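So the chains spell out like this:
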Amino acid sequence: MSAENRSAERPPAENRSAAGPSAESLTAESPAAGTPSPGRPSPEDRFQEDPAAGDARPYDRGAWWRDAVVYQVYPRSFADANGDGEGDLPGVLSRLDHLADLGVNAIWLSPFYPSPLADGGYDVADYCDVDPRYGTLADFDALVAGAAAKNIKVIVDIVPNHCSAEHPWFRAALAAGPGSPERERFVFRDEPNNWQSVFGGPAWTQVADGQWYLHLFDSAQPDWNWRHPDVVAMFERVLRFWLDRGVAGFRIDVANMLFKQDGLPDVVPGSQSGPLMPGQTAVPYEHQPELLELYRSWRKILDSYPGDRGTVAEMWFDTDQARPYLAGDGLAQLFNFGLMPTPWSAEEFRAVIDGSYRLARETGGSIPWVLGNHDVPRMVTRFGVDQDLVRAPTPEVLLGRMDVDVELGTRRARAAALLLLALPGGAYIYQGDELGLPEHLTIPDEVRRDPMFERTLRTFMGRDGCRVPLPWSGTAAPYGFGAVDVPAPEGSQGVPGAQGAQGTWLPQPEDWAGLTVAAQRADPGSTLNLYRAALAIRRDHPALGDGDLTWLDTPPGVLAFSRDPGFTLMVNFGPAPVPLTRHHDVLLASGPLDGDLLPPDTGVWLS
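Residues numbered from 1 in each chain as written. Predicted model: local features only at pLDDT ≥ 70, side-chain atom pairs only at ≥ 80, totals over all residues. Heavy atoms only, no water.

### Observations concerning the overall build of the protein
Item 1. Counting its secondary structure elements, the protein contains 18 helices and 18 strands.
Item 2. Sequence separation of 24 or more characterises 71% of the internal contacts of the protein that already satisfy a separation of 6 or more.
Item 3. For the protein, the exposed surface amounts to about 22,800 Å²; the carbon and sulfur share of it is 52%. (Helix = DSSP H or I, 4+ residues; strand = E, 2+ residues; numbered from the N terminus. Contact = heavy atoms within 4.5 Å. Areas by Shrake-Rupley, 256 points an atom, 1.4 Å probe, with all protein chains shown as cover.)

Spelled out as structure tokens, the structure:
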């Protein structure tokens, strides 16, 4: 590795004096592995010994998560209770009526833990607390209780592959030096291999004493060594900490990458793909066999609590890779990401659906459907560009420089929503998709926050454009993002908020006045009201949720399937109207119908 690469990958914990004491200042009093760090107790030291967990049980066909509709909340951008321009947990509490009215079964909270925010909170410095910018543990407890009162469950993110470079154990590892027990909790080497970061650039950073540490993501996110018993034990206690506070389950970040192959062999050239994309062939840090036993042990912990607590694993996979995880004593669910990168094409959508549906049927597992999240451009923008650019993005597209037909993208995104919510099993909705928000493509470079922008040497715009704060009301930014009144529980930092004088942490577009929650509530034909109607029908219709589907014969460019009893979905991906299939009534359409014809880029639910 060149000297230039070494200098570009400076270890953040040693070079950001504002973040806390340096590695050198910890050297003299550095704790041994397994003992408390100086000052505030570290998260792994706050627990009593864990009670023995019961045996894992077979999947319960009636478990709530098998057909739940889960809404992803990105807390920093959902709602701001104290007017500082950043969302927080009291803000989420204040907007629970929106989620209850929408009709979701659960919310998934992206990380809200103490973090330097080098990667939007996925660099965790303390797994068992709330970052003060988001509130307190009292605020979290109030949110869980408030959600439960509205029959909404709460899922939290767990980030087990890596932590923050400010985590007490990593700071202790830097201070302790080569060969120390503290360093064994992470992946240190005297020489790096050829692995590349998922975010771009090398996956290794050199520290002052000459060793290198592994970070498959940002250099501020050192990877844990999952072969070390301290790491295994700590995360078991972390799971119980949040289960004891009433969470219904966990979303497991990069669930396929925790264990690395013994010896850390070089990857085969060409096997690593671009940022956030799955590899083309097996790589030595994905899908290692030890993961199966780890997730069986986690399943036992969850099954020792009442209420069908679940897990949903973030991972890209092919069918053979997925099967072992879906065994009856393993993970509850795997995210079905296959539709997110799929162009607007009936044939390509059908291929993804067939493969995933077949896998779920053959394994008895649960693979909830996903069309958007905090890592990918929003649906309206994806479907509003030339679809060949989705199949093969150009350098200009990676920087967000392309023509977007927002009207076309909106029509397609509305039709895709009806498809998503009609498929068998569970579904996840990313915040703002119910409003039909497009990607914000014109964020100034100087205010971008995603580390991928810099790590790819500004050749990829990153993910900030789908993380912009939500518009709630009004005709100009911040669109009511900070205008909330919050009941403050005892010990809470939540206070009644006003419009954020500091502006929002990421800028909002100037043309979102018509997309606010308030504006769409008043418009019967809005995307928000389409989602509300679809979720109400899904909740009451006996054919929807978990179960089976039967494909119907259709013209090219059209997808249609039936579900018993008495439900049919049709989506016209093609350029010309097509006749509706035989039916008694139209339950819901994503756009106006033309008599008995289904227009292009439109979906319909029939009975």
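After presenting the structure, the write-up continues.
### Quick notes on the pairing of strand E13 (residues 558-563)
Item 1. Burial analysis of E13 places six of its six residues in the buried class, which makes it a mostly covered element.
Item 2. Judged by which residues are buried, E13 turns out to be covered on both faces: Val558, Ala560 and Ser562 on one side and Leu559, Phe561 and Arg563 on the other are all buried.
Item 3. Looking at chain direction, strand E12 (residues 550-551) and E13 are connected through two bridges and run antiparallel. Bridged to tryptophan 551 within E13 is phenylalanine 561.
Item 4. Counting the residues in the hairpin turn of E12 and E13 gives six residues, including glycine 557, whose phi is positive at 85 degrees.
Item 5. Examined bridge by bridge, E13 and strand E14 (residues 567-572) share six bridges and lie antiparallel to one another. Considered in E14, the bridge of leucine 559 is made with valine 571.
Item 6. In this antiparallel pair of consecutive strands, E13 and E14, the connection spans three residues, and glycine 566 shows a positive phi of 70 degrees. (Buried < 20%, exposed > 50% of the residue type's maximum accessible area, 1.4 Å probe, protein only. Pairing = 2+ DSSP bridges.)

### With respect to the sheet that holds strand E7 (residues 249-252)
Item 1. Read across the open sheet, the eight strands follow the order E9-E8-E7-E3-E2-E1-E11-E10; overall the sheet is parallel. Edge positions in the sheet fall to strand E9 (333-334) and strand E10 (369-370), since each of these pairs with one other strand and no more.
Item 2. Bridging between strand E3 (residues 153-158) and E7 involves four bridges; their strand directions are parallel. Paired with valine 156 across the two strands is phenylalanine 250, which belongs to E7.
Item 3. The strands touched by helix H8 (residues 229-244) within the sheet are E3 and E7, with E3 carrying the most contacts at an inclination of about 160 degrees. (Axes fitted to C-alpha atoms, helices over the stretch in contact; angles between N-to-C directions.)

### Concerning the pattern of salt bridges
Item 1. Under the criterion given, the structure shown has 37 salt bridges.
Item 2. Close ionic contact of arginine 76 with glutamate 86 constitutes a salt bridge, the shortest N to O distance being 2.7 Å. Note that arginine 76 is positioned in the loop between strand E1 (69-73) and helix H4 (89-94) and glutamate 86 in the loop between E1 and H4, a separation of ten residues in sequence. Pair check on accessibility: arginine 76 and glutamate 86 agree, each one buried. (Salt bridge = Lys/Arg side-chain N within 4 Å of Asp/Glu carboxyl O.)

### Concerning helix H15 (residues 406-422)
Given 3.6 residues per turn, any residue in an α-helix points the same way as the ones three and four places further on.
Item 1. The terminal C-alpha atoms of H15, which comprises 17 residues, lie 24 Å apart, in line with the 24 Å expected from a rise of 1.5 Å per residue.
Item 2. Taking the backbone nitrogen of glutamate 407 as reference, a side-chain oxygen 3.3 Å away marks aspartate 405 as the first, capping residue of H15. (Expected span 1.5 Å × (residues − 1). Polar contact = N/O pair within 3.5 Å; in protein donor to acceptor, adjacent residues only side chain to side chain.)

### Comments concerning the environment of tryptophan 64
Item 1. Note on placement: tryptophan 64 falls in the loop between helix H3 (23-26) and E1.
Item 2. Along the sequence, tryptophan 64 and arginine 309 sit 245 residues apart, while their C-alpha atoms lie 8.9 Å from each other.
Item 3. Apart from the residues lying within four places of it in its own chain, the contact partners of tryptophan 64 are Ala106, Lys153, Ile155, Ala248, Gly307 and Asp308.

### Some words on the packing of aromatic side chains
Item 1. Summed over all chains, the structure comprises 35 aromatic pairs.
Item 2. Taking 6.1 Å as the distance between ring centres and 65 degrees as the angle between the ring planes, the aromatic pair formed by tryptophan 226 and tryptophan 298 counts as edge-to-face. Taken together, the residues span a long stretch of sequence, with tryptophan 226 in the loop between strand E6 (212-214) and H8 and tryptophan 298 in helix H9 (residues 290-303) at a distance of 72 residues. A single burial state applies to tryptophan 226 and to tryptophan 298, both of which are buried.
Item 3. Geometrically, the ring pair formed by tryptophan 551 and phenylalanine 561 is edge-to-face, given 5.6 Å between the ring centres and 85 degrees between the ring planes. Of the two residues, tryptophan 551 is situated in strand E12 and phenylalanine 561 in strand E13; the sequence distance between them amounts to ten residues.
Item 4. A residue is classified by how much of its surface remains accessible, and phenylalanine 561, at 0% relative accessible area, is buried.
Item 5. Looking at arginine 76, its charged tip hangs above the ring of tryptophan 505, at a distance of 3.9 Å from the centre.
Item 6. The side chain of arginine 183 reaches across the aromatic face of phenylalanine 188, ending 4.5 Å from its centre. (Phe/Tyr/Trp six-rings, centres within 6.5 Å; stacked < 30°, edge-to-face > 60°. Lys NZ or Arg CZ within 6 Å of the ring centre and 35° of its normal.)

### Quick word on the sheet that holds strand E4 (residues 188-189)
Item 1. Spatially, E4-E6-E5 is the arrangement adopted by the three strands of the open sheet, whose pairing is antiparallel. The open sheet has two free edges, formed respectively by E4 and strand E5 (204-206), since each of these has just one partner strand.
Item 2. Where E5 and E6 come together, three bridges link them in antiparallel fashion. Paired with glutamine 206 across the bridge in E6 is tryptophan 212.

### Some points on the environment of alanine 533
Item 1. Considering the arrangement of structural elements, one finds alanine 533 in helix H18 (residues 527-540).
Item 2. Sequence separation between alanine 533 and leucine 587 is 54 residues, and the spatial gap between their C-alpha atoms is 9.4 Å.

### What about the pairing of strand E18 (residues 602-606)?
Item 1. The buried count for E18 comes to five of five residues, which makes it a mostly enclosed element.
Item 2. Across the two faces of E18 the burial is the same, with Thr602, Val604 and Leu606 and Gly603 and Trp605 all buried.
Item 3. Relative to E18, E14 runs antiparallel, the two being bridged by five bridges. In the strand pairing of E18, methionine 570 is matched with valine 604.
Item 4. Taken together, the three bridges between strand E16 (residues 586-589) and E18 define a ladder with antiparallel strand orientation. Its bridge partner being in E18, valine 586 is matched across the sheet by leucine 606.

### Some thoughts on unusual backbone geometry
Item 1. For the bond running from alanine 477 to proline 478, omega is 10 degrees, close enough to zero to count as cis.
Item 2. With respect to the element layout, proline 478 can be found in the loop between helix H16 (451-455) and helix H17 (517-521).
Item 3. A cis geometry characterises the amide bond from aspartate 564 onward to proline 565, with omega recorded as 0 degrees.
Item 4. When you line up the elements, proline 565 lands in the loop between E13 and E14.
Item 5. Positive phi, normally seen in glycine, also occurs at leucine 117, with a value near 65 degrees.
Item 6. Along the chain, leucine 117 turns up in the loop between strand E2 (106-109) and helix H6 (137-149).
Item 7. In this structure, asparagine 151 is a non-glycine residue whose phi angle is positive, near 60 degrees.

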